[in-house]
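Overview (structure and organization)
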Amino acid sequence: MKWYAIHTQSGEESKLKNAIERLIAEKEMQASFGEIIVPEVEIEEKKDGKTKIVKKNLYPGYVFIQMEFSEDALLLVKEVPFSRKPLFIGEKKRFQTPKQKQSFAMPMVITEAEIQKIKRMLEEGEVSGSSSTMYEKGEMILIKDGPFAGFKAVIDDVKEGKEKLEVLVNIFGRSTPVELNFSQVEKVED
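Model, not experiment: these values are computed from the prediction.

1. Re the nonpolar core
In terms of nonpolar packing, the biggest core is built from 23 residues, with Ile20, Phe33, Ile65, Leu76, Val77 and Phe88 touching the most fellow members. Looking at this core, the elements that each hand over two or more residues are β1 (2–7), α1 (13–26), β2 (33–37), β5 (62–67) and α2 (71–78). If near-sequence neighbours (up to four positions away) are discounted, Phe33 is found in contact with Met1, Ile24, Ile65, Gln66, Met67, Ala73, Leu76 and Val77. The next biggest cluster of nonpolar side chains, apart from the first, holds 13 residues, and it includes Tyr135, Val178, Leu180 and Val185.

2. Some remarks on the sheet that holds strand β10 (residues 140–143)
If you walk across this open sheet you meet the five strands as β13-β12-β11-β10-β14, and the pairing is antiparallel. At either end of the open sheet lies a strand with only one pairing partner, and these are β13 (174–181) and β14 (185–187). Strand-to-strand, the axes of this sheet are offset by a mean angle of 40°, without reference to chain direction. For strand β11 (residues 152–159) and strand β12 (residues 164–171), the ladder comprises six bridges, and the chain directions are antiparallel. For Ala153, the partnering residue across the bridge sits in β12 and is Val169.

The rules behind the values
- Numbering of residues begins from 1 in every chain and follows the order in which that chain's sequence is written.
- Selection of residues for local features in this predicted model requires a pLDDT of at least 70, selection of side-chain atom pairs for listing and counting requires 80 or more, and totals for whole chains, interfaces and linings are taken over all residues.
- Side-chain measures were taken over the full set of non-hydrogen atoms in the model, leaving aside hydrogen atoms and water.
- Nonpolar cores are built from buried Ala, Val, Leu, Ile, Met, Phe, Trp, Tyr and Cys residues. Side-chain atoms within 4.5 Å join them into one set.
- Buried, partly exposed and exposed residues are distinguished by accessible area as a fraction of the type maximum, computed with a 1.4 Å probe on protein chains only: under 20%, between the cut-offs, and over 50%, respectively.
- Each helix is a run of DSSP H or I of at least 4 residues and each strand a run of E of at least 2, with the numbering of both proceeding from the N terminus.
- In this analysis, two residues are considered to be in contact whenever any of their non-hydrogen atoms come within 4.5 Å of each other.
- Strand pairing is defined by DSSP finding a minimum of two bridges between the two strands.
- Every axis in this analysis is a line fitted to C-alpha atoms, fitted for helices over the stretch in contact. Angles between the N-to-C directions lie between 0 and 180 degrees.

Here is the structure:
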């Protein structure tokens, strides 16, 4: 069995994992599948002076699945009854399935070393590169990276799953909308 990555909507990873597991059981295909991993760790977040424990996905929008590559296994994942069809992360090379005569991108194999790294991160509760800072609409932030570095801005929208903010930057007396990553900003202390 080899490892593959499946892309889905951010925030829907655990639901997709559960849907795949149900379909594997329904079709009695357990022999073709191994582990399914949604890499989440618990972290402390501070909001309004209160600390709470929340789950943080290390790879938002991705589920890692161990399976024997076959037309039946591929089609099982592709046919999962889910709001947004799961997509294997693949290369540009395409192949046609013999039974169904469908054309698919050949899924890219994830190395065992990469999976072991993810498993270590889960065991250690590591959240490298992930922000544990909570942002709220209307909050003032300082842009610390990019073409607007040094500017202050007001948060207009927060996209938690993607770790992005839509902010309004005052440029030449006009509010200009800009999308930034969490890593490009910091909170302005009052």
